[in-house]
Amino acid sequence: MQPEKKSLVPMVNFMNKIPGGIMLIPLLLGCALNSFFPDFLQIGGATTGVLTSTNAFLGAFFVCVGANLSISGAGKALKVGAVVTLAKLVASIAVGLIASHIFNDNLLGLSAVAIISGMSNSNGGMFTVLTKMYGDDADQGAIAVVSLNDGPFFTMIALGTAGMANIPLQALVAALIPLVLGIILGNLDPKMKKLLNNAEPVIILFLAFAVGTSMNFRQILEGGFGGIVLGLMTLIIGGIITVFFDRITGGTGIAGAAISTVAGNAVATPLAVAAADPSIYDAAVIATPQVAAAMIITAILCPFFTAFVNKHFRRKDPVPVGDVTPKLSEVEELANEEGAHEPVEK
């Protein structure tokens, strides 16, 4: 067998060393292009299309996500997934309402759009890795439900419910159709499921770059502090709530801890919501870099939070047997495998 050819530039390895790197690095490159050479984006033809077509790549991504969801799962795994997903969604709405009505839509620099866009999403890859390291079968199987919070659908419901955005029913259906299409395709044909699963990281690269071309570095600098606050709110406030409800409903608490992240693809959520309600576009533009910063914070800290929950609640019955201390480099690399939406079988 011929040895693998050494990379002249180890780009993939570099991205895997950075939390959320598969989303963050292309996003920053797109942002750099828009910051220094904005006219190049308007060159036209396929070049402009591939560099700026956020909605097209977003739709394709949701088809891939849907293909990885199994409709055959049931029982305790679905209950655990539903509990932590609903608790996370309710927490995001509650904090968003506080920001909107008490702090005049400016809670430490964060708007309700930013808060709900970040807090209502989670990193499916990170969830899969952490529940594999610490959780039981129900925790691992919960990914079938948890994966549903990828994308703007839950965020649209939350903003509409809270009265912060006017989201037409048609827009909600439009956001859900690609996901449903993926579920159908993936469950009808295992080979199609594998094909779409393999395509997901490639689509993420182009999606992230397209999202980046709608930003500039000045916005990222402005969103830095707010992004740190949003990440800590997601991890601490959201994490405490999800772990609490996971525990009181008979869960281990591991799924509640592992869901306390901001998804890499959540960076695209504010603009996806703004596409349905243009009146919040300005807030969505500011929210995008804040969500990007929050993604990094939670990707770094969530493994340690989950380890703490495991030690606190499960010291008499550790899972798995052996060394359960998370290796950050391993977690970061595996969490960047955005296609890892399937429960891990023991």
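Residues numbered from 1 in each chain as written. Predicted model: local features only at pLDDT ≥ 70, side-chain atom pairs only at ≥ 80, totals over all residues. Heavy atoms only, no water.

A separate point is the nonpolar core. Of all hydrophobic cores here, the largest spans 58 residues; its most connected members are Ile 115 and Met 233. Broken down by element, this core gets its largest block of residues, eight residues, from helix H4 (residues 54-67). Not counting residues within four places of it along the chain, the set of residues in contact with Met 233 comprises Val 95, Leu 107, Leu 110, Ile 115, Met 119 and Gly 238. Of all hydrophobic cores here, the second largest spans 24 residues; its members include Val 84, Ala 138, Ala 142 and Val 309. (Core = buried A, V, L, I, M, F, W, Y, C linked by side-chain atoms within 4.5 Å. Buried < 20%, exposed > 50% of the residue type's maximum accessible area, 1.4 Å probe, protein only. Helix = DSSP H or I, 4+ residues; strand = E, 2+ residues; numbered from the N terminus. Contact = heavy atoms within 4.5 Å.)

Scanning the model with the defined rule gives two aromatic pairs in all. Summarising the aromatic geometry, the rings of Phe 57 and Phe 206 are spaced 5.6 Å apart at their centres and angled 20 degrees between planes, so their arrangement reads as stacked. Of this pair, Phe 57 sits in helix H4 while Phe 206 is found in helix H12 (residues 190-212), placing the two residues 149 residues apart along the sequence. (Phe/Tyr/Trp six-rings, centres within 6.5 Å; stacked < 30°, edge-to-face > 60°.)

Mapped onto the elements of the fold, Val 285 is located in helix H16 (residues 281-313). Taking relative accessible area as the criterion, Val 285 reaches 14% and is therefore assigned buried. Sequence separation of Val 285 and Met 215 is 70 residues, and the distance between their C-alpha atoms is 7.4 Å.

Okay, the side chain of Ser 111 next. As for its placement among the helices and strands, Ser 111 is situated in the loop between helix H5 (76-101) and helix H6 (112-119). What makes Ser 111 buried here is its relative accessible area of 11%. Contact partners of Ser 111, with chain neighbours within four places excluded, come to Asp 105 and Ala 283.

Mean pLDDT over the protein chain stands at 78; residues scoring 70 or higher make up 78%. Of all secondary-structure elements in the protein chain, the lowest mean pLDDT belongs to helix H17 (residues 328-335), at 53, while helix H14 (residues 254-258) reaches the highest, 93. Low pLDDT, under 50, characterises residues 316-325; the stretch is placed with 15 contacts to residues that sit more than four places away or in other chains. Low pLDDT, under 50, characterises residues 338-346; the predicted model gives this stretch 37 contacts beyond four residues in sequence or across chains. (pLDDT = per-residue confidence, 0-100.)

On the surface, a nonpolar cluster with roughly 650 Å² of combined accessible area is contributed by Ile 228, Leu 232, Ile 236, Ile 237, Ile 240, Ile 300, Leu 301 and Phe 304. Broken down by secondary-structure element, the contributors of at least two residues to the nonpolar patch are helix H13 (217-248) and H16. The element best represented in the nonpolar patch is H13, accounting for five residues. Positionally, Ile 228 belongs in helix H13. (Patch = residues over 30% accessible without salt bridge, like charges linked within 9 Å, V, L, I, M, F, W, Y side chains within 5 Å. Areas by Shrake-Rupley, 256 points an atom, 1.4 Å probe, with all protein chains shown as cover. Salt bridge = Lys/Arg side-chain N within 4 Å of Asp/Glu carboxyl O.)

Moving on, we come to the packing of H6 against H16. Relative orientation of the contacting elements H6 and H16 amounts to 40 degrees, with a least axis distance of 8 Å. The angle between H6 and H16 places the two elements in the oblique class. Every pair of crossing elements has a handedness; the one defined by H6 and H16 is right-handed. Side by side, H6 and H16 meet where Val 113, Ala 114, Ser 117 and Gly 118 of the first sit next to Ala 283, Ala 284, Ala 287, Gln 290 and Val 291 of the second. In terms of residue class, the contact of H6 with H16 is built from six nonpolar, three polar and no charged. (Axes fitted to C-alpha atoms, helices over the stretch in contact; angles between N-to-C directions. Parallel < 35°, antiparallel > 145°, perpendicular 65-115°, else oblique. Left-handed = near helix turned anticlockwise from the far one by under 90°. Nonpolar A, V, L, I, M, F, W, Y, C, P; charged D, E, K, R; others polar.)

Our focus in this paragraph is the environment of Gly 30. Relative to the assigned elements, Gly 30 resides in helix H2 (residues 21-36). It is 8.0 Å that separates the C-alpha atoms of Gly 30 and Ser 214, two residues lying 184 residues apart in sequence. Apart from the residues within four sequence positions on either side, Gly 30 is in contact with Phe 209, Gly 212 and Thr 213.

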